[in-house]
Amino acid sequence: MDKKISIKKNEKLNRSYVDMHLHSRSSDGSLSEEDLVNIVVKNGLKGVSLTNHDTLLGQSKFIELASKKDIKVITGIEISSVYKNYAVHILGYGVNLFSESLLNEHLKPTWETLNDSAMVVVRRVKKLGIGIFEGANNIKKVRKLINSHSPVVSFNSLFHFIHSKTNLPVSHLWNLVFKSRSDFWRLMVKPEMLSPVEAVGLVKKMGGKSVLAHPGTICLRGNTTEFDENIVSDIISLLLENGLNGIEVYYPRHTKKQMELYQSIVKKYNLIVTAGSDFHGSYTPKLSVGAPPGLDFEDFLRLKDFCES
Ligand SMILES: [Zn+2]
Ligand SMILES: [Zn+2]
């Protein structure tokens, strides 16, 4: 009966009752863990993962709040890495929360280099004559000023802070601050970051299972606007040789063709399939909590067992 209702609702909403890719303000989302759990409840989800960028901050709180609402959680993280100037995100599931110091040690260079990029943005905003960062001449002061809860001051939080003070549209600010798309990516993708192979290794060390996040967006996130499937298949081949466990097949920006392609790779190499929305609260206004259809709650429970084994 319950299942029947779920399927009906699911079809109507066109999304799953699970979501394995959510961000809170402990990385670059707009919502606290509490508000995020409230939306998860409101949307009727049964299984979720919080996958903050490069940090386990927020996990314990999220698990505690979700458990109280009888929602199943798989611990998660999304690690930033770089392959030939392309941003490659590696999701880690079932990671041990006691491995936080190990993670932080490995990701300190990533945090530092991304915070340097945040300071570049702050200096550019000052140069534009927008006087809201006066006196905030280091990352500590910027973090305090914008009330950041993350080890990395994200561009999202900076732009939304400026928007809240000036009312300038975020898209307009983006165009004012970045000269071009590649200018933006030069600040976001740094050689100091881990390689995807190192990120996969780190997830393993943390006791979790590694998943290549949204492969269909990798090229679009690089220094090119052309989609180059060869780069993606190079990355997948490299990671398969190095212990990758799965691929995020169901993702809002993946086309049907891409999902079919990744599904065939998953089948061929016996990998796990995950599904996520990449919801960042009000910073991703087009997205809602709940992954695109493809993974049901029973699949989620099987994944939970596997990732925690
Ligand atoms: Zn990502
Ligand atoms: Zn994400």
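Residues numbered from 1 in each chain as written. Chains lettered and ligands numbered in written order. Predicted model: local features only at pLDDT ≥ 70, side-chain atom pairs only at ≥ 80, totals over all residues.

### A closer look at the overall build of the chain
Item 1. Across its full length, the chain holds 12 helices and 8 strands.
Item 2. For the chain, the C-alpha radius of gyration of 19 Å lies close to 19 Å, the compact-globule estimate for 309 residues.
Item 3. Considering only C-alpha atoms, the chain reaches an extent of 60 × 40 × 35 Å along its principal axes.
Item 4. Counting over 309 residues, the chain shows a buried share of 46%.
Item 5. Pairs at least 24 apart in sequence give 75% of the contacts found in the chain among residues at least 6 apart. (Helix = DSSP H or I, 4+ residues; strand = E, 2+ residues; numbered from the N terminus. Rg over C-alpha atoms; globule rule 2.2 N^0.38 Å. Buried ≥ 20, exposed ≤ 12 C-beta atoms within 10 Å, placed from the backbone. Contact = placed C-beta atoms within 7 Å.)

### Details of helix H10 (residues 229-240)
Each turn of an α-helix holds 3.6 residues, which means side chains three or four residues apart point in the same direction.
Item 1. Spanning 12 residues, H10 covers 16 Å between terminal C-alpha atoms, matching the ideal 16 Å at 1.5 Å per step.
Item 2. Where H10 is buried, its residues touch strand S4 (76-83), strand S5 (86-93), helix H9 (196-205), strand S6 (209-212) and helix H11 (256-269). (Expected span 1.5 Å × (residues − 1).)

### As for the pairing of strand S8 (residues 272-275)
Item 1. Alignment of strand S7 (residues 246-250) against S8, held across 4 bridges, turns out to be parallel. Bridging across to S8, glutamate 248 finds its partner in threonine 274.
Item 2. As for the winding sense of the linkage, the β-α-β connection from S7 through H11 to S8 is right-handed. (Pairing = 2+ DSSP bridges. Right-handed = clockwise from strand over helix to strand, strands pointing away.)

### Some points on the sheet that holds S6
Item 1. Pairing is mixed in the open sheet, where 5 strands are placed in the order S4-S5-S6-S7-S8. In this open sheet, the two edge strands, each paired with only one partner strand, are S4 and S8. Geometrically, the sheet is characterised by an average inter-axis angle of 40° between neighbouring strands, direction not taken into account.
Item 2. Pairing between S5 and S6: 4 bridges, direction antiparallel. Across the sheet, residue leucine 91 finds its bridge partner in S6, namely valine 211. (Axes fitted to C-alpha atoms, helices over the stretch in contact; angles between N-to-C directions.)

### Considerations on the environment of tyrosine 262
Item 1. In this structure, tyrosine 262 sits in helix H11.
Item 2. The exposure class of tyrosine 262 is buried, given the 25 C-beta atoms found within 10 Å.
Item 3. The spatial distance from the C-alpha of tyrosine 262 to the C-alpha of asparagine 85 is 22 Å, given a sequence separation of 177 residues.
Item 4. Those residues in contact with tyrosine 262, other than ones at most four positions away along the chain, are Pro215, Ile247 and Val249.

### Overview of the domain arrangement of the chain
Item 1. The domains assigned to the chain are domain 1 (15-107 + 198-307) and domain 2 (114-188).
Item 2. A straight line from the C-alpha centre of domain 1 to that of domain 2 covers 26 Å.
Item 3. Contact residues are listed per partner, giving 15 residues for domain 1 and 12 residues for domain 2.
Item 4. Partitioning the side of domain 1 that touches domain 2 into residue classes produces 3 nonpolar, 9 polar and 3 charged. (Domains from an automatic or database assignment. Nonpolar A, V, L, I, M, F, W, Y, C, P; charged D, E, K, R; others polar.)

### Thoughts on the packing of helix H6 (residues 155-166) against helix H7 (residues 170-177)
Item 1. At a closest axis distance of 9 Å, the pairing of H6 and H7 adopts a crossing angle of 115°. Two packed elements cross with a definite hand, and for H6 against H7 that hand is right-handed. When H6 is examined against H7, the residues Phe159, His160, Ile162 and His163 are found in contact with a partner set consisting of Val170, Leu173 and Trp174.
Item 2. Among the residues making up the contact of H6 with H7, the classes are represented as 5 nonpolar, 2 polar and no charged. (Left-handed = near helix turned anticlockwise from the far one by under 90°.)

### Brief notes about the nonpolar core
Item 1. If you look at the biggest cluster of nonpolar residues, it comprises 80 residues, and the most contacted ones within it are Val18, Val88, Ile90, Leu158, Val203 and Leu212.
Item 2. Ranked by residue count, the leading element in this core is helix H4 (residues 100-127), at 8 residues.
Item 3. Built from parts of two domains, this core gets at least three residues from each of domain 1 (15-107 + 198-307) and domain 2 (114-188).
Item 4. The residues touching isoleucine 90, leaving out its near neighbours within four places in the chain, are Ile79, Ser81, Pro196, Ala199, Val200, Val203, Ser210, Leu212 and Ala213. (Core = buried A, V, L, I, M, F, W, Y, C linked by C-beta atoms within 7 Å.)

### Things to note about the sheet that holds strand S1 (residues 18-22)
Item 1. What the 3 strands build is an open sheet, ordered S1-S2-S3; its pairing is parallel. The open sheet has two free edges, formed respectively by S1 and strand S3 (72-73), since each of these has just one partner strand.
Item 2. With 2 bridges joining them, strand S2 (residues 47-50) and S3 adopt parallel strand pairing. Residue pairing for S3: glycine 47 is matched across the bridge by lysine 72.

### Some thoughts on the confidence of the model for the chain
Item 1. Looking at the chain as a whole, its pLDDT mean stands at 91, while 93% of the residues score no less than 70.
Item 2. For the stretch residues 1-12, pLDDT sits under 50, and the model shows 5 contacts to residues farther than four places along the chain or on other chains. (pLDDT = per-residue confidence, 0-100.)

### Digging into the packing of H9 against H10
The packing of two helices is summarised by the inter-axis angle and the distance between the axes.
Item 1. H10 packs onto H9 with a crossing angle of 40° between their chain directions and a minimal axis gap of 10 Å. In this view, H9 runs oblique relative to H10, as classed from their interaxial angle. Note that H9 runs across H10; the crossing there is right-handed. Each of Pro196, Val197 and Val200 in H9 lies in contact with H10, whose residues at this interface are Ile235, Leu238 and Leu239. (Parallel < 35°, antiparallel > 145°, perpendicular 65-115°, else oblique.)

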